[in-house]
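# Coordinate inspection notes
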Amino acid sequence: MATAVQTVERENYLNSNYGIKSWLLTTDHKRIAVLYLISITAMFWLGGFFAMMIRLELLTPAGDLVSSDTYNKLFTMHGIIMVFFFLIPAVPAVIGNFVVPLMVGAKDMAFPRVNLLSWYLYMAGAITALTAMVTGGVDTGWTFYTPFSTTYSNTHVIGAAIGIFIAGFSSILTGLNFIVTIHRMRAPGLTWRRLPLFCWSNYAAAIIMVLGTPVIAITLLLVALERAFHIGIFDPRLGGDPILFQHLFWFYSHPAVYLMILPGMGVISEIVACFSRKRVFGYEFVALASIAIAVFGFLVWAHHMFVAGISVYAALVFSLLSYLVAIPSAVKVFNWTATMYKGSISYNTPMLYAFGFIGLFTVGGLTGIFLASLGIDVHVHDTYFVIAHFHYVMVGGGVMAYMAGLHFWWPKMTGKMYPEAWAKLSALLVFVGFNTTFFPQFILGYMGSPRRYHAYPPEFQVLNVLSTAGASILAVGYVLPMIYFLWSLRYGKDAGPNPWNATGLEWMTSSPPPTHNFDETPVVTWEAYDYEHQPQEEITVGH
Amino acid sequence: MATSDIGDIQVAERALQHHFADMEQQRDTSSFGMWMFLLTEIMFFGGLFCAYLVYRASYYHAFVEGSQKMNITLGATNTAVLICSSLTMALGVRAAQMGKPKLMVILLLITIVFGFGFLGIKAVEYHEHWVNHEFPGPSFHFETGDPAHPATDPQHTEIYFSLYWAMTGLHALHMVIGIGLVAWLVIAGLMGAYTPHYYNPVENVGLYWHFVDLVWIYLFPMLYLISKKHGG
Amino acid sequence: MAEHKEETGSVGHIAPAKLYVAIWAILMALTLTTVLVSMVDIGPMNVVVALVIATIKGTLVVLFFMHLRYSPKLTMATVIAAMFWLFLLLSLTMTDYLTRAWSTSPGH
C-alpha cells in the first residue's frame, strides 16, 4: 500500500518549520486554527466540568453538594465559558479559519496578522475571565443582568466583563476577516453562486459578529464603569433603567445564538451533500436563508424580555417578528432532507452527527416558537423548559455540528483518518446521552421547575436523576473523540487528499495542505456540490 | 522620472504581501477592511447613542438643564478645530497619492497639532465640570446656577453627565489613538515608506481620522445644543 | 508576477485640493449655522434642525473627505449596512419606550 513515494513526506503546514515560536508567531490560517482548536478544547472541558458539578448537585433534591452561592457561580461560569469562549468561536475560529481560505482558493485570510491578533485577544480575554473565576468567581448568570451585576453582586463582575469585552474584539476581528476574505480573496471563477454553503453561512455569522459584538462590548464596559464609579446608567436607584441593559445585551446576545448555529448549519450542508452524493437541494435558498437568519436575528431580541417589564405593544411586535426566523430555518431543514431524498447515503460519522443535528435542531427550533409566543412564554419563562430549549439548539445543534465538522475535516487538517468504529460509537453515545440529559428538562420546565436553584422539591427527583445519568453518558461521548483523535495523529491511516471523494477546493490540495494551500491558484469552472460529475468511487475509508 | 517610477514600484513590490495577487487587490482589500472596522465602530458608539436616545426621550428637562452647563463656545471651537484637522488630513492623503512625501509629512504634523488642540480644549472643559462636581458618582452635585430656577431633576441630570463623560471620553480616547497613528505615518513617511503605488496605511488612518471627526459632528449638537430654552 | 508589474500602478482617485477647501468652508459655515440656530427657540424644530445640519455635515465628510464618492459599490453597501443596523438598534428599542405609557394610562 504505502509506496516509496508516499513515505517521503511532502512539505505541509505542520512540518514546514518547528519550534514554539513558529507557532506563536505564525500568520498561517491553518496553524491559527490549530491554536484555536487547542485553546477552545481546553475551555470546553472547563465548561463541561462546571456542567458536571451542576448535574451532580441536582442528583438529590436537597442542596447538599455545594452551597447556593457556589451553585450560582457554577452555572454562571458554565454559561460564560461555554457561550463566549466555546460556542461563539468554535466553528468559525477553528473549522472556518482552517477551511474557508481553502474553500475560496486563497493562500490565506485577507488579514493574516489580524487573524493572529484575534487568537491573542481570545487568549487574553479567556485568561482575564478565568482569573476572575479563580479569584472568587461570578454569580450573575452569563447574562449579567442589572442592577444585580452593577450593584448587589459581591463577586468579580468587572473582571469577567472585561474578559468578555476583550474576547469580543477577537470575535469582531475574526468576523471582519471572514467578510473581507470572502469578498476579496475568491479564486478566479468562484462566483457567489458557486461558493460552498459553509462560506455563505460563515459570512452570515460574520455579519452578526461585526454588527452585534460592538454593542455588547460597550454595554459590558458600561456595566464595569457603573460598578466602578456608580454612574447610574442602569441602576434604578440612581435613576437609570435596568431594562435598557437587557435591550442592549440582547441586541447582541440574541443574534449571537444564530452566530453559534449558523456556521454549524454550513457544516451540515457540506456533509449532507457529500454523504448523499447530491447537490444541495435549492442551493440558492439555503445560501440566502443564512443571510436571512442573520438579518432577522436582529429583529427579535426583546422576546427574552416579555416578563421583564417592556410594553405589551413592543412585546407583541417582537413576538410576531420572532416567528419570521422560523421561515429560513425551516427552509434549511426541508432542503437538507430533500437533498438526502433519493441520494446514495453513506453512514459515516460526520453524517451521523448531521442526522443528530437536523433532528435536535428541529426540536430546539420548534420549542423556540413556543417561547416566542407571548402566552406560553409567561408560563415557562425561567423554567427548565428554557434550559432544555437552548441546549437543544446550542448543544444539539451547535456542538453536534462542531463535532460533525471536526470529523469531516480532521483528515484534511492532520492527514490522518480517525477510527471509524469508535467514532460511530461516540456519535451514538452523544445522541443518546444528549437526549437523556435534556429531554427530561422539557418536562421539568413544563411542570414548573424553575432554573438556577440548587435545591428542588422531591417530586422532581426522578427526572433530575435521569438528566444527570444522561450527562454522564454525554461526557463519555465527548471524552472518546478526544482520545481517538489524539490516537489517530500517530496511528491513524493516511487519509490522502480526498478521503470522502468530496467536491470543494479544500479537497483538491494535499492533506495536510502545504503552507501556501495550493501550488497554483485554482480556477473554478464548475458549480458547488457537482457530485453528478464527481467520479463515482466508493468512499474508501467507510466501514 | 522613469527611474524614480521604477524605484516606486520596487517599494510597492516589497509592500505586496504574499497572499495577494497584485497591489490593486491588496489596496482594495485593505480599504474594505478599514471600512468594515469603521462599521463596527459605529455600532460600538451606537450602544451609547441608544442609551442617550432613551434617556433623552424620557428625561428631556433634566437633559436640557445638564446641557446648559456646556460651554458652547469651547464646543463650537473644538468642532471647528476638528474640521480643520480633517481638511489637513484629507490634503495629506492627497499629497501621498501624488507622491509628495514632504508635503504629506507637513500636513500630517499640522493634523497632529489640531488633534492636540482639540484634546487641550476638551481638558479645559473637563476640568470645569470636575471642579463643579459635574462628574457622576458619589460626589456629583448639580445646581442650575440660577436661584429662580432650581434643578428640577438632578438625579436624571446625573445620567446626562454619565453619558456626556462616557461619550466624549470614548471619543477622546479615539483621538489619542488617532494622534498616535498619524505620528506613526509621519515617521514612516520620513523613511520613505509611501509612494503613489503604495499608500494604504495613509489612506486607512485618514479614514479613521475622518470617522472620529464624524462622531464629534453628532456629539456636538446632541450634548451641547439640546435647547437654549430654559428647562424650568 | 512579471505580467502584473504594469498593473501595480493603481492609484486611487485624486480629488482637486480646491474641492477639499470648499468642503471645509461649507462645514465651517454649517457649524456656525447650527450654533446660531440653537440660540433661537423654535420649539421641537431645534433638534430637527440640529440633526439635519449634523447629517449634512457628516454626509459631506463621508462622501468627499473619506472618498466614498469615488469608492467601489461594496464600500457604499458597508456604509448603508452600518446606518441600517444603527437604525434597527435605535428604532426597535424605542418601540418599547415610546409605547410603555399606552398600557398604563388607558384613559388617554
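Just so you know, these numbers come straight off a predicted model, no measurement behind them.

### Remarks on the interface of chain B and chain C
- On the chain C side, the residues contacting the 47 residues of chain B number 44 residues.
- Elements with a contribution of two residues or more to the side of chain B that touches chain C: α1 (2-15), α2 (23-58), α4 (72-97) and α7 (200-224) of chain B.
- The element contributing the most residues to the side of chain B that touches chain C is α2 of chain B, with 17 residues.
- The residue makeup of the side of chain B that touches chain C, split by class, is 30 nonpolar, eight polar and nine charged.

### Considering helix α2 (residues 45-65) of chain C
All names here are of chain C.
- Taking 1.5 Å per residue, 21 residues should reach 30 Å; α2 reaches 29 Å between its end C-alpha atoms and fits that length.
- Those residues of α2 that sit buried are N46, A50, I53, A54, K57, V61, V62, F64 and F65.
- In the stretch just after α2, H67 is the one whose phi turns positive, near 65 degrees.

### Quick word on the nonpolar core
- Membership of the largest hydrophobic core comes to 281 residues, with the highest contact counts inside it found for A161, I268 and A404 of chain A.
- The residue makeup of this core includes at least three contributed by each of domain 1 (16-66) and domain 2 (72-99) of chain C.
- If we ignore the near neighbours within four places in the chain, the residues touching I268 of chain A are W336, A354, F357, I358, A401 and A404 of chain A.

### Observations regarding the packing of α2 of chain B against α7 of chain B
Residue and element names in this part refer to chain B.
- Taken N-terminus to C-terminus, the directions of α2 and α7 make an angle of 20 degrees; their axes are 10 Å apart at the nearest point. Here α2 lies roughly parallel to α7, going by the angle between them. Our pair here, α2 against α7, has a crossing hand that is right-handed. In contact with R27, S30, S31, M34, L38, E41, F45 and Y52 of α2, α7 contributes N200, E203, N204, L207, F211, V215 and M222.

### Some words on the packing of helix α3 (residues 29-57) of chain A against helix α5 (residues 112-134) of chain A
Residue and element names in this part refer to chain A.
- The geometry of α3 relative to α5 is characterised by a closest axis approach of 10 Å and an angle of 15 degrees between their N-to-C directions. With respect to α5, the element α3 is oriented roughly parallel. Here α3 and α5 pass one another in a crossing that is left-handed. Between α3 and α5, the contacting residues are H29, I32, L35, Y36, S39 and M43 on the first element and P112, N115, L116, W119, Y122, M123 and A126 on the second.
- For the contact of α3 with α5, the class distribution of residues is 10 nonpolar, three polar and no charged.

### Structural notes on the interface of chain C and chain A
- At the interface, 12 residues of chain C touch 14 residues of chain A.
- Residues that form the side of chain C that touches chain A fall into these classes: six nonpolar, four polar and two charged.

### Here's the deal with unusual backbone geometry
Residues and elements named next belong to chain A.
- Across the junction of T146 and P147, the peptide omega takes the value 0 degrees, indicating a cis bond.
- Inspection of the secondary structure assignment puts P147 in the loop between α5 and α6 (148-152).
- The omega torsion of the bond from S511 to P512 falls at -15 degrees, within 30 degrees of zero and hence cis.
- Among the structural elements, P512 can be located in the segment after α16 (461-491).
- The phi dihedral of N517 falls on the positive side, at around 70 degrees, and the residue is not glycine.

### Re α5 of chain A
Residue and element names in this part refer to chain A.
- The terminal C-alpha atoms of α5 lie 33 Å apart, and with 23 residues this matches the ideal 33 Å at 1.5 Å per residue to within 8%.
- Those residues of α5 lying buried are P112, N115, L116, S118, W119, Y122, G125, A126, T128, A129, A132 and M133.
- Considering only its buried residues, α5 is in contact with α3, α4 (68-103) and α7 (157-184).
- Positive phi appears at G136, one or two residues downstream of α5, with a value of about 155 degrees.

### Description of the confidence of the model for chain B
Residues and elements named next belong to chain B.
- Here chain B averages 90 in pLDDT, and 92% of its residues register 70 or above.
- By mean pLDDT, the top-scoring element of chain B is helix α5 (residues 101-131) (97), and the lowest-scoring one is α1 (63).
- With a pTM of 0.93, the predicted complex shows an ipTM of 0.91.

Procedures and definitions
- Residues numbered from 1 in each chain as written.
- Chains lettered and ligands numbered in written order.
- Predicted model: local features only at pLDDT ≥ 70, side-chain atom pairs only at ≥ 80, totals over all residues.
- Contact = placed C-beta atoms within 7 Å.
- Helix = DSSP H or I, 4+ residues; strand = E, 2+ residues; numbered from the N terminus.
- Nonpolar A, V, L, I, M, F, W, Y, C, P; charged D, E, K, R; others polar.
- Expected span 1.5 Å × (residues − 1).
- Buried ≥ 20, exposed ≤ 12 C-beta atoms within 10 Å, placed from the backbone.
- Core = buried A, V, L, I, M, F, W, Y, C linked by C-beta atoms within 7 Å.
- Domains from an automatic or database assignment.
- Axes fitted to C-alpha atoms, helices over the stretch in contact; angles between N-to-C directions.
- Parallel < 35°, antiparallel > 145°, perpendicular 65-115°, else oblique.
- Left-handed = near helix turned anticlockwise from the far one by under 90°.
- pLDDT = per-residue confidence, 0-100.

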